[in-house]
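Residues per chain are reported as follows:
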Amino acid sequence: QVQLVESGGGLVQPGGSLRLSCAASGSLFTIYAMGWYRQAPGKARELVAIITSDRSGDFINNAESVKGRFTIFKDSAKNTVYLQMNSLIPEDTAVYYCYLRTRTPVYDYWGQGTQVTVSS
């Protein structure tokens, strides 16, 4: 079993910054992907940013709505992924979920979610 522990959410004013972190532990096989999704009230869960890894290296995919504002990065030694969020806007308000997919066997895991609220 894999556990994902998130931290770093909270209330921030528009234009502010937050950093989310997600630490993975447990029966980890080869990690294929780690990243972040979010879900705003009344909306579907959507991809924010994700890092996928293969023999060629790491690849990052960001949602268009966060490009230039959010940065995803990881510490592989700690099995931890981070999301640096700058220039936050009210539309970023959502519950942010950490996501992990293992390669072999393929399993998907989700964190418990952390609330991010952008409001003045």
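Residues numbered from 1 in each chain as written. Predicted model: local features only at pLDDT ≥ 70, side-chain atom pairs only at ≥ 80, totals over all residues. Heavy atoms only, no water.

1. Thoughts on the packing of aromatic side chains
Thinking step 1. Within the structure shown, the criterion is met by five aromatic pairs.
Thinking step 2. Between tyrosine 107 and tyrosine 109 the ring centres are 6.3 Å apart and the planes differ by 70°, which places this aromatic pair in the edge-to-face class.
Thinking step 3. Residue class for tyrosine 107 comes out partly exposed when judged on its relative accessible area of 41%.
Thinking step 4. One aromatic cluster is present, formed by Tyr37, Tyr99 and Trp110 through successive ring pairs.
Thinking step 5. Across the ring face of tyrosine 97, the terminal group of arginine 45 is positioned such that the distance to the ring centre comes to 3.8 Å.
Thinking step 6. The ring of tryptophan 110 has arginine 45 lying over it, and the distance from NZ or CZ to the ring centre is 4.6 Å. (Phe/Tyr/Trp six-rings, centres within 6.5 Å; stacked < 30°, edge-to-face > 60°. Buried < 20%, exposed > 50% of the residue type's maximum accessible area, 1.4 Å probe, protein only. Lys NZ or Arg CZ within 6 Å of the ring centre and 35° of its normal.)

2. Let's talk about the sheet that holds strand S1 (residues 2-7)
Thinking step 1. Pairing is antiparallel in the open sheet, where four strands are placed in the order S1-S3-S8-S7. Edge positions in the sheet fall to S1 and strand S7 (70-75), since each has one partner strand and no second. Within the sheet, the average angular offset between the axes of one strand and its neighbour, ignoring direction, is 15°. (Pairing = 2+ DSSP bridges. Helix = DSSP H or I, 4+ residues; strand = E, 2+ residues; numbered from the N terminus. Axes fitted to C-alpha atoms, helices over the stretch in contact; angles between N-to-C directions.)

Structural measurements only, silent on function.
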